[in-house]
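An overview of the molecular structure
Take a look at the letters that make up each chain.
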Amino acid sequence: MELVGAVMLCCAFFFLGVVASRSEKVICDRIYALGKLVVHIRSSILATRIPLSQIFGGYEDNVLNECGFLSCINNPVSTEDYAKRWQKAVKLLLLPKDAEVSALGVGAELGRCDLKTQIEQLVYLEKVLEDCLKEQRRTLEGKQKVYKSVSLLIGVVISILLL
């Protein structure tokens, strides 16, 4: 009976490690999804010059929907401008600090400056997000292994101590 309890404890800790490792992948997915949105905004502004409400209203992405980003941006009862909605939505993504700071900086000027400046800012944000995504993906596999291994090791140590 004690052995079954020890195995269950190890499995529980391993499960916690798996959950923690998946959170690292979620960050990569969110950076990638925001990068796709930035490219979409840039190409829409450049090609058609349609208003932000139509750009955001017609955009769909599962990752950005799940975290609440698109619903915050597309909130029909909000009286705030898109720059303030963008800031709230970016905070929901829980991005790494450098990507978040860059996204917030670009979002503060969203729809408020001339076309050339907006395009330059969106290109800058796209580059920052690409660099951040490369860094996250580079460390992702190692972090996932560490989370799983350490959590299993903690489970084994606690099981041994309790036996």
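Before any of the text, the structure's been laid out above.
Overview of the structure. Given the structure is predicted, the values throughout are model-derived calculations rather than measurements. (Residues numbered from 1 in each chain as written. Predicted model: local features only at pLDDT ≥ 70, side-chain atom pairs only at ≥ 80, totals over all residues. Heavy atoms only, no water.)

1. Notes on a nonpolar patch on the surface
Applied cut-off: What goes into a patch is any residue over 30% in relative accessible area without a salt bridge, connected to like charges within 9 Å or, for nonpolar side chains (Val, Leu, Ile, Met, Phe, Trp, Tyr), within 5 Å. Note on areas: these come from Shrake-Rupley sampling with a 1.4 Å probe, and a residue is covered only by the protein chains present in the view. Any carboxyl oxygen of Asp or Glu that lies within 4 Å of a side-chain nitrogen of Lys or Arg is treated as forming a salt bridge with it. Secondary structure elements follow DSSP: runs of H or I of four or more residues count as helices, runs of E of two or more count as strands, with numbering from the N terminus.
The grouping of Phe14, Leu152, Val156 and Ile160 at the surface amounts to a nonpolar patch, some 330 Å² of accessible area in total. Considering each element in turn, the nonpolar patch owes the most residues, three residues, to helix α7 (residues 115–162).

2. Details of helix α6 (residues 97–108)
Spelled out, the test is: The span expected for a helix works out to 1.5 Å for each residue beyond the first. Contacts between residues were defined by any pair of non-hydrogen atoms, one from each residue, lying within 4.5 Å.
Its 12 residues place the ends of α6 16 Å apart at the C-alpha level, agreeing with the 16 Å of an ideal helix rising 1.5 Å per residue. Packed against the buried residues of α6 are α1 (2–47), α5 (82–93) and α7.

3. Description of the environment of Lys127
One can find Lys127 in helix α7. Remark: the alpha-carbon pair of Lys127 and Gly35, spanning 92 residues in sequence, is separated by 8.8 Å.

4. Thoughts on unusual backbone geometry
Heads up, the condition is: Working definition: with a 1.4 Å probe on protein chains only, accessible area under 20% of the residue-type maximum means buried, over 50% means exposed, and in between means partly exposed.
Residue Leu94 is not a glycine yet carries a positive backbone phi of 55°. Checked against the element boundaries, Leu94 lands in the loop between α5 and α6. Overall, Leu94 belongs to the exposed group, its relative accessible area being 59%.

5. What to know about the packing of aromatic side chains
Cut-off, in case you're wondering: Aromatic rings from Phe, Tyr and Trp, with only the six-membered ring used for Trp, were paired whenever their centres fell within 6.5 Å, and each pair was classed as stacked if the ring planes differed by under 30 degrees, edge-to-face if by over 60, and tilted otherwise. Only when the NZ of Lys or the CZ of Arg is both within 6 Å of the ring centre and within 35 degrees of the ring normal is a charge said to sit over the ring.
This structure, assessed with the given rule, holds three aromatic pairs. Considering the side-chain rings of Phe69 and Trp86, the 5.5 Å spacing of their centres and the 80° angle between planes classify their relative orientation as edge-to-face. With Phe69 in helix α4 (residues 69–73) and Trp86 in helix α5, this pair connects stretches of sequence that are 17 residues apart. Across this residue pair, the class does not change: Phe69 and Trp86 are buried. When the ring centre of Tyr82 is taken as origin, the NZ or CZ atom of Arg85, which lies over that ring, is 4.7 Å away.

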